[in-house]
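An overview of the molecular structure
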Amino acid sequence: MITISLCMIVKNEEDVLARCLESAKPAVEEIILVDTGSTDRTKEIARSFTDKIYDFAWIDDFSAARNFSFSKASMDYCMWLDADDVLLPADREALLRLKETLSPSVDVVMMKYHTEFDETGKPTFSYYRERLLRNRAGYRWVGAVHEVIPPSGSLLYSDIAVTHQKTRPSDPDRNLHIFEKQAASGVDLDPRQQFYFARELLYHQRYQEAADRLTQFLDEGRGWVENQIEGCKQLALCYYALGKPDAALQALMRSFCYDEPRAELCCDIGKHFFDRQSYRQAIFWYTVAAGRSRNDASGGFVQPDCYDYIPYLQLCVCYDRLGESETASRFNEKAAACKPDSPACLANRRYFSQVLHRPLP
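For clarity, every value in this text was computed on a predicted model and none was experimentally measured.

Some thoughts on the overall build of the protein chain
For the protein chain, the helix and strand inventory stands at 14 helices and eight strands. Here the C-alpha atoms of the protein chain give a radius of gyration of 23 Å, agreeing with the 21 Å that 2.2 N^0.38 yields for 361 residues. With respect to the principal axes defined by its C-alpha atoms, the protein chain has extents near 70 × 50 × 40 Å. The 361 residues of the protein chain split such that 51% are buried.

Below, the structure written as structure tokens:
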């Protein structure tokens, strides 16, 4: 059976650290905690779980801190979590089972990362991350912000998930500050960092700067395919904010240059036409979205609802606007099959019972 070192970097996490460590401790043999300058009870809480606590002077570089944490690990594999992550009981049990069966030939285990949820707690935004990495195999974190270890070697994609349970907002300016500091000092950002720099500019409503950086990122053509596809989506958001809807639509269409259409982008295009009351065109794109197959292992940001619930619900509205109530009702039932407790579907069901003069199902 393999052994695992849980490697974490933390700062002022007294509100969530115990929750995280309690969820993970039964599945790991060692906990490495690197503190980057806490002034609260973080270290005190950590001492009840581990004596392997190290200080690391913060240098505006998440990769440097994570590489330091990995350097202290002594088990077969390194696993990383953020303090506001948890292993839910079912995922913890699955990880324990994986430890008993994992082939020694596997270098990296990719696990799902659930970061957004609907009102029932069902994940609405997920993507795979490199979560277990063979220790002393030369893996290194790269990128000062949104750090990553580019997966290589023998990979195993697992359905085990880490659940992100944020309890408070993080510093909204931190990442942008780091990127601007790097740019001012002449650091040559790699394509992935360029993408995330542009995204931070977008979040800060600096739309033209974000659009310029995203355009440069896409024109250079050196980014990961999934970042390029997401870059098109982000560029469209910039153009909408700048009052350039035609350019936004072109940016969304550009995503098809990189791979087969993603349902997420098809829903965005459908919304573009829906917002302009071009319902037949919207219907086309929502239908395409509903027909796409999900590939959670693509490495991209996956919004599961874009593959069924959202396009079905929007098709319902489109057909209703066109006066085709029977068809609209059928699509509402398709959406309800995805989310039986959806308030929108339940309200639509009551509406169609009146419009079509039939009892509620």
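Some details on the packing of aromatic side chains
Enumeration over the complete set of coordinates arrives at 20 aromatic pairs. Centroid distance Trp58 to Phe62: 4.8 Å. Interplanar angle 70°. Geometry classified as edge-to-face. The buried category is assigned to Phe62, whose relative accessible area is 13%. Ring geometry for Tyr113 and Tyr127: centres 5.7 Å apart, planes at 75°, overall edge-to-face.

Considering the layout of surface pockets
As a volume, the second largest pocket reaches approximately 160 Å³. Lining the second largest pocket are Asn67, Phe70, Ser71, Ala73, Cys78, Arg134, Asn135, Arg136, Ala137, Gly138, Tyr139 and Arg140. Tallying contributions element by element places helix α3 (residues 62-71) first for the lining of the second largest pocket, with three residues. For the lining of the second largest pocket, the residue count by class is five nonpolar, four polar and three charged.

Here's the deal with the pairing of strand β7 (residues 123-134)
Burial of β7 is extensive: 10 of the 12 residues sit out of reach of the surface. Summarising the sheet, strand β4 (residues 77-80) and β7 pair through three bridges and their orientation is antiparallel. Bridge assignment links Tyr77 to a residue of β7, and that residue is Arg134. Here strand β6 (residues 108-117) pairs with β7 via nine bridges, running antiparallel. Residue Met110 lies in a different strand from β7, and its bridge partner there is Glu130. Remark: five residues form the turn of the hairpin made by β6 and β7, two consecutive strands paired antiparallel; Gly121 in that turn has positive phi of roughly 90°.

As for the nonpolar core
Counting residues in hydrophobic clusters, the biggest one holds 111 residues, and the most contacted among them are Leu6, Met8, Leu17, Leu95 and Leu132. Once residues within four sequence positions are removed from consideration, Leu95 is found in contact with Ile4, Ala27, Met79, Leu87, Met111, Leu132 and Ile160.

Notes on the pattern of salt bridges
The tally for this structure, following the rule as stated, stands at 29 salt bridges. Ionic pairing is found between Asp159 and Lys112, a salt bridge with its closest N-O pair at 3.9 Å. Here Asp159, found in strand β8 (residues 155-164), pairs with Lys112, found in strand β6; they are 47 residues apart in sequence, far enough to count as distant. Of the charged contacts, one joins Arg206 and Glu180 as a salt bridge, the two residues approaching to 2.9 Å between their closest N and O atoms. Here Arg206 is found in the loop between α6 (191-203) and α7 (207-220), whereas its partner Glu180 is found in helix α5 (residues 174-184), with 26 residues between them in sequence. With relative accessibility at 32%, the residue Glu180 sits in the partly exposed group. Connected through shared salt-bridge partners, Lys112, Asp159, Arg294 and Asp296 make up one network.

Here we look at helix α10 (residues 263-275)
The end-to-end C-alpha distance of α10, which contains 13 residues, comes to 18 Å, matching closely the 18 Å that a straight helix rising 1.5 Å per residue would cover. Counted residue by residue, α10 has 10 buried out of 13 residues, so it is predominantly covered. Along α10, the positions that sit buried rather than exposed are Ala263, Glu264, Leu265, Cys266, Cys267, Ile269, Gly270, His272, Phe273 and Phe274. Each element contacted by the buried residues of α10 is listed here: α8 (225-241), α9 (245-254), α11 (279-291) and α12 (309-321). Positive backbone phi, at 60°, marks Gln277, one or two positions downstream of α10.

A word on the packing of α7 against α8
Relative to each other, α7 and α8 sit at 150°, their axes nearing to 9 Å. As the angle between them shows, α7 and α8 are arranged roughly antiparallel. For the pair α7 and α8, the sense of crossing is left-handed. Contacts between α7 and α8 involve Tyr207, Ala210, Ala211, Leu214, Thr215, Phe217 and Leu218 from the first element and Asn227, Gln228, Gly231, Cys232, Gln234, Leu235, Cys238, Tyr239 and Ala241 from the second.

As for the packing of α12 against helix α13 (residues 325-338)
For any two helices packed against each other, one specifies the inter-axial angle together with the distance between the axes. Here α12 crosses α13 at 160°, and the two axes come no closer than 8 Å. Judged on the interaxial angle alone, α13 and α12 are roughly antiparallel. Crossing hand, α12 versus α13: left-handed. Together, Tyr309, Tyr312, Leu313, Leu315, Cys316, Tyr319 and Asp320 of α12 and Ser325, Thr327, Ala328, Phe331, Asn332, Lys334, Ala335 and Cys338 of α13 make up the contact between the two elements. Class assignment of the residues belonging to the contact of α12 with α13 gives a composition of 10 nonpolar, three polar and two charged.

The rules behind each value
- For every chain, the first residue of the written sequence is number 1, and numbering continues from 1 onward in sequence order.
- Two thresholds apply to this predicted model, a pLDDT of at least 70 for residue-level local features and 80 or more for giving and counting side-chain atom pairs, whereas whole-chain, interface and lining totals are computed over all residues.
- Note that the side-chain values use all heavy atoms of the structure and ignore hydrogens as well as water.
- Here a strand is any run of E in DSSP of at least two residues, a helix any run of H or I of at least four, and the numbering for each starts at the N terminus.
- We take the radius of gyration over the C-alpha atoms and set the globule estimate at 2.2 Å times the residue count to the 0.38 power.
- Only protein chains enter the accessibility calculation, which uses a 1.4 Å probe. A residue is then buried if its area is under 20% of the maximum for its type, exposed if over 50%, and partly exposed in between.
- Aromatic rings from Phe, Tyr and Trp, taking only the six-membered ring of Trp, are treated as a pair when their centres fall within 6.5 Å; an angle between ring planes under 30 degrees marks them as stacked, one over 60 as edge-to-face, and anything in between as tilted.
- Points on a 1 Å grid over protein atoms alone make up a cavity when a 1.4 Å probe fits among them but cannot get out, and a pocket when they form an open set with protein on both sides within 12 Å along at least five of seven lines; lining residues each have an atom within 4 Å of a point.
- Grid points are joined across faces, edges and corners, and a volume is the space filled by probe spheres set on the points.
- Three classes are used, and their members are as follows: Ala, Val, Leu, Ile, Met, Phe, Trp, Tyr, Cys and Pro are nonpolar, Asp, Glu, Lys and Arg are charged, and the others, Gly among them, are polar.
- Pairing between strands requires that DSSP locate at least two bridges from one strand to the other.
- To define a nonpolar core, start from buried Ala, Val, Leu, Ile, Met, Phe, Trp, Tyr and Cys residues and group those joined through side-chain atoms within 4.5 Å.
- Note on definitions: a residue-residue contact is assigned when non-hydrogen atoms from the two residues lie within 4.5 Å.
- Here, a salt bridge means any Lys or Arg side-chain nitrogen found within 4 Å of an Asp or Glu carboxyl oxygen.
- Any helix carries an expected span of 1.5 Å times its number of residues minus one.
- Working convention: axes come from line fits to C-alpha atoms, limited for helices to the stretch in contact. Angles between N-to-C directions cover 0 to 180 degrees.
- Any angle between 65 and 115 degrees counts as roughly perpendicular, while under 35 counts as roughly parallel, over 145 as roughly antiparallel, and the rest as oblique.
- Here a crossing is taken to be left-handed if its near helix is turned anticlockwise relative to the far helix by less than a right angle, and right-handed if that turn runs clockwise.

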